[in-house]
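Report on the structure
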Amino acid sequence: MTEKPSQPALEFAGVSKTFDPADARPAVSNIDFALPQGMFISLLGPSGCGKTTLLRLADGLIAPDSGTIAAFGAPPRPGPEIGFVFQSFRLIPWASVAANVEFSLRSLPLSKAERTERALHWLEKVGLSRFAQSWPDTLSGGMKQRVALARAFAPNPSLLLMDEPFASLDAQTRELMQAELLSLWSEQKASVLFVTHSVDEALLLSDTILLMGTRPGRIVETLTVDLERPRDPDAIRADTRFIALRQHLSKKMRELVLSDPQSDFYGR
Amino acid sequence: MTALYRLAFLFLLILGWFIASQFIGRNIIPTPLATLQAGARLFSEGRLLEATGQSLAVFLSGFFLATFVAIPLGAMMGAIRPFGKTLDVYVFALAATPRVAFIPLVIVLLGLGIEAKAFIVFLGAVMPILINTYAGVLAADKELVEMARSTGAPQTRIFSHIVLPGALPFVAVGLRIGATIGLINTVVAELYTAVTGLGGLLALYGNTFRMAEYFVIVICLAIIGVVMTEILRFIESRLGRWKMS
Ligand SMILES: Nc1ncnc2c1ncn2[C@@H]1O[C@H](COP(=O)(O)OP(=O)(O)OP(=O)(O)O)[C@@H](O)[C@H]1O
Ligand SMILES: [Mg+2]
């Protein structure tokens, strides 16, 4: 893929997508944003606002009804240039941990030996080299998530799409994984589009936060996180700028949920 | 441990059989000992081995033919949707027709030899394997397929790495049902066409009230059934090593 440095890693222009033609409200409507290369952008929003839909559109897994999407200037195509970490682990249960990581390398022109070596290298990076020959079912949730991370990072994607990758983890594992992600990201110089519904996580990780609302799924606010890196998770929580941003986002999120007519909390 | 319980239960079965033979009458239910002696006699005369060989030849050729036809066809029906949607009504219709209904036609077409018998076994075994393979391919994990797509995998890799391995447990169930029906059809075929094999001996001893010999044949068929399903179960557990124990 030829890429000019000025070209954004990802660009949405007037993108809408409706799954059910009978439903007047599209899943996502009129989405406009650009992800500059090397940046970390989070999509923050309540359940059902279309975050997963945006990632699937960005990977080229589904096509928009209207509008245009470009990854490095061309329509996105699923492949090794774009890494996807799914909301659920999606490991192949009958393939060993190593074979799961290797699977994402099969679209690259690598020999079997090179694939194996690269997969092991990435398993080492996420601290799982001892489990290379284990079956995925024998791993804990946090370990499975790390395998999924290794699988997404292994092909060296220039764009990473991550769908609430840490939602199912306990607080301690989540913090470790967030740190791991940030170090991988700064090493690989990839661009990241990260989905979360945790305000803290969005503030800790991102350069920019896109706040989304429901029905139709849309971007309601774009927020720049002006906190210098590296960000220490403990120190940052005491930072007044962090606290102010956090209060603002939490209030907005609450309003979005309460104003959603399909939510059980509507009008409370 | 299981083996021990199974042996204990076998002992109970034989005990029950012995009691039944005492109460119902030895000319209807032979004692275990008489059956054993009959078995030894049939074995030393060579008739038992010859008949078992004939039956196995019929069963195995029909069953393997069914496997080689049903698995690729079922996989293709699942992979190529228009093809599957066109054929599946007919497959289900054929599966619901008692296959015994075809025996006269098979005899007219293929005669009374091993070809006809194997074909009757094939008819019985092919449907469960086909239908289960088809269902297994259709039940492919959509999330895994999407994951594979996101890595840039072409359709062929998605099929060989995700869809087909996911369908294997279904195929295994189909093979087991197919083997059972195939064994039944082996006996049926031997009774209907030229009377040979274990089915033939069953008819011979049953009609002449030689109950000890008759029991030997029944037990032989049961043993073949057990060995067959155990082999398939073993293959199944080897393929399913990844499942959490
Ligand atoms: N394949 C699909 N078919 C039909 N409707 C869909 C499909 N995928 C998503 N939707 C609908 O689109 C809307 C957005 O769904 P999406 O999964 O993108 O939400 P989300 O923001 O990821 O939610 P969550 O935080 O719960 O994961 C929802 O109303 C959902 O019902
Ligand atoms: Mg989602």
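This structure is a prediction, so every number in the text was calculated from the model and none was measured. (Residues numbered from 1 in each chain as written. Chains lettered and ligands numbered in written order. Predicted model: local features only at pLDDT ≥ 70, side-chain atom pairs only at ≥ 80, totals over all residues. Heavy atoms only, no water.)

1. Quick notes on the coordination of the magnesium ion (ligand 2)
Residues and elements named next belong to chain A. We count it as follows: Donor atoms: N, O and S within 2.8 Å of the metal, or within 3.2 Å for Na, K and Ca. Because water is excluded, sites can look incomplete. For the purposes of this entry, the term helix denotes a DSSP run of H or I that reaches at least four residues, the term strand denotes a run of E that reaches at least two, and both are numbered from the N terminus. For every residue, the accessible area obtained with a 1.4 Å probe (protein chains only) is divided by the maximum for its type, and the residue is called buried under 20%, exposed over 50%, and partly exposed between those limits.
Summarising the metal site, the magnesium ion (ligand 2) is bound by the protein donors T52 (OG1) and Q87 (OE1), whose distances to it range over 1.9 to 2.5 Å. On the criterion of sequence distance, the pair formed by T52 in helix α1 (residues 51-59) and Q87 in the loop between β5 (82-85) and α2 (97-103) is long-range, its members being 35 residues apart. Q87 gets classed as partly exposed once you look at its relative accessible area, which sits at 42%.

2. Looking at the UniProt feature "domain: ABC transporter" (unreviewed entry) in chain A
Where we set the bar: UniProt positions are given in the numbering used here, feature names are shortened, and annotations may be inferred rather than shown by experiment.
In the numbering used here, UniProt assigns the "domain: ABC transporter" (unreviewed entry) feature to residues 10-239 of chain A. Structurally, residues 10-239 of chain A is divided into 32% helix and 23% strand, and its ends, taken at the C-alpha atoms, are 31 Å apart.

3. Examining the site of ligand 1
All names here are of chain A. Note the cut-off: If a single non-hydrogen atom of a residue is within 4 Å of a molecule or strand, that residue counts as near it. Polar contacts, as used here, are pairs of N or O atoms within 3.5 Å; protein pairs need one atom able to donate a hydrogen and one able to accept it. Residues neighboring in sequence count only if both atoms are side-chain atoms. Surface accessibility follows the Shrake-Rupley procedure with a 1.4 Å probe radius. Residue values consider only the protein chains on display as shielding. By the convention adopted, Pro, Cys, Tyr, Trp, Phe, Met, Ile, Leu, Val and Ala count as nonpolar, Lys, Arg, Asp and Glu as charged, and the other residues, Gly among them, as polar.
Close contacts around ligand 1 come from F19, A27, S47, G48, C49, G50, K51, T52, T53, Q87 and E164, and that covers them all. A distance of 3.2 Å separates an oxygen atom of ligand 1 from a polar atom in the side chain of E164. Its free accessible area being 640 Å², ligand 1 has 61% of it covered by the protein chains. Here the residues of the shell around ligand 1 sort into 3 nonpolar, 6 polar and 2 charged.

4. Some thoughts on the pairing of strand β8 (residues 208-213) of chain A
Regular strands have side chains that alternate between both faces of the sheet. All names here are of chain A. Selection criterion: Note: two strands are recorded as paired if DSSP finds a minimum of 2 bridges between them.
Counted residue by residue, β8 has 6 buried out of 6 residues, so it is predominantly covered. Here β8 shows two buried faces, one formed by T208, L210 and M212 and the other by I209, L211 and G213. Across 4 bridges, the pairing between strand β3 (residues 40-44) and β8 is parallel. Its bridge partner lying in β8, S42 is registered against I209. Alignment of β8 against strand β9 (residues 218-224), held across 6 bridges, turns out to be antiparallel. Of the residues in β9, the one forming a bridge with M212 is I219. Adjacent in sequence and paired antiparallel, β8 and β9 are bridged by 4 residues, among which R215 carries a positive phi angle near 45°.

5. Remarks on the confidence of the model for chain B
Residue and element names in this part refer to chain B. Formally: Predictor confidence is given residue by residue as pLDDT, running from a minimum of 0 to a maximum of 100.
With 99% of its residues at a pLDDT of 70 or more, chain B shows a mean pLDDT of 89. Averaged pLDDT values for the elements of chain B fall to 85 in helix α5 (residues 103-110) and rise to 95 in helix α7 (residues 142-150). The ipTM value of the predicted complex is 0.89, and its pTM value is 0.84.

6. As for the UniProt feature "transmembrane region" (unreviewed entry) in chain B
In the numbering used here, UniProt assigns the "transmembrane region" (unreviewed entry) feature to residues 56-77, 89-112, 118-137, 158-177, 183-205 and 214-235 of chain B. With 67% helix and 0% strand, the stretch residues 89-112 of chain B has end C-alpha atoms that lie 31 Å from each other.

7. Brief notes about the interface of chain A and chain B
The cut-off we apply is this: Residue contacts follow a heavy-atom distance rule, with two residues in contact if any of their heavy atoms lie within 4.5 Å. When two parts are put together, the accessible area they lose, computed with a 1.4 Å probe and summed over both, is reported as buried area. By definition here, a salt bridge exists when the distance from a side-chain nitrogen of Lys or Arg to a carboxyl oxygen of Asp or Glu is within 4 Å.
Between chain A and chain B, the residue contacts involve 22 residues of the former and 18 residues of the latter. Interface of chain A and chain B: buried area, both sides summed, is about 2,000 Å²; carbon and sulfur atoms make up 61% of it. Three residues, R90, W94 and F103 of chain A, lead the burial of chain A against chain B; their summed loss comes to 36% of the area buried on that side. Counting across the chain A and chain B interface gives 3 salt bridges. The salt bridge involving E146 of chain B is made with R56 of chain A; its shortest N-O contact spans 2.6 Å. On inspection of chain A and its partner chain B, the count reaches 11 residue pairs in polar contact (both at pLDDT 80 or more). Elements that contribute at least two residues to the side of chain A that touches chain B include exactly α1 and β5 of chain A. The residue makeup of the side of chain A that touches chain B, split by class, is 12 nonpolar, 4 polar and 6 charged.

8. Regarding the sheet that holds strand β1 (residues 10-17) of chain A
All names here are of chain A. Note the cut-off: To get an axis, a line is fitted to the C-alpha atoms, and for a helix only the part in contact is used. The angle between two axes follows their N-to-C directions and goes from 0 to 180 degrees.
Here 3 strands make up an open sheet; going across it, the order is β2-β1-β4 and the pairing antiparallel. The sheet terminates laterally at β2 (28-35) and β4 (66-70), the two strands that pair on one side only. Recorded for the sheet is a direction-independent mean angle of 10° between the axes of neighbouring strands. Across the face of the sheet, α1 comes into contact with β1, β2 and β4 while running at roughly 120° to β1.

9. Details of the environment of G200 of chain B
Residue and element names in this part refer to chain B. On the secondary structure map, G200 appears in helix α9 (residues 197-207). Under the relative-accessibility criterion, G200 is labelled buried at 6%. Distance in space between the C-alpha atoms of G200 and L73 is 33 Å, their sequence separation being 127 residues. Those residues in contact with G200 that sit more than four places away from it in its chain are E190 and V195.

10. Description of the environment of C220 of chain B
Residues and elements named next belong to chain B. Within the secondary structure layout, C220 lies in helix α10 (residues 211-239). For the pair C220 and T52, spaced 168 residues apart in the sequence, the C-alpha separation amounts to 8.2 Å. Aside from chain neighbours lying at most four places away, what touches C220 is L48 and L198.

11. Brief notes about the UniProt feature "domain: ABC transmembrane type-1" (unreviewed entry) in chain B
Per the UniProt entry, the sites bearing "domain: ABC transmembrane type-1" (unreviewed entry) are residues 52-236 of chain B in this numbering. Strand forms 0% of residues 52-236 of chain B and helix 87%; the C-alpha atoms that close the span are 26 Å apart.

12. Structural notes on the packing of aromatic side chains
The geometry of an aromatic ring pair is captured by two quantities: the separation of the ring centres and the angle between the planes. As a reminder of what qualifies: Two rings from Phe, Tyr or Trp (for Trp, the six-membered ring) form a pair when their centres sit within 6.5 Å of each other. Planes less than 30 degrees apart are called stacked, planes more than 60 degrees apart edge-to-face, and all others tilted.
What the rule picks out here adds up to 11 aromatic pairs over all chains. With centroids separated by 5.6 Å and ring planes inclined at 25°, the aromatic side chains of W17 of chain B and F215 of chain B adopt a geometry described as stacked. Highlighted residues: W17 of chain B in helix α1 (residues 2-24) and F215 of chain B in helix α10, separated in sequence by 198 residues. A residue is classified by how much of its surface remains accessible, and F215 of chain B, at 21% relative accessible area, is partly exposed. Within the aromatic cluster, the residues linked to one another by ring pairs are F40, F166, W185 and F194 of chain A.

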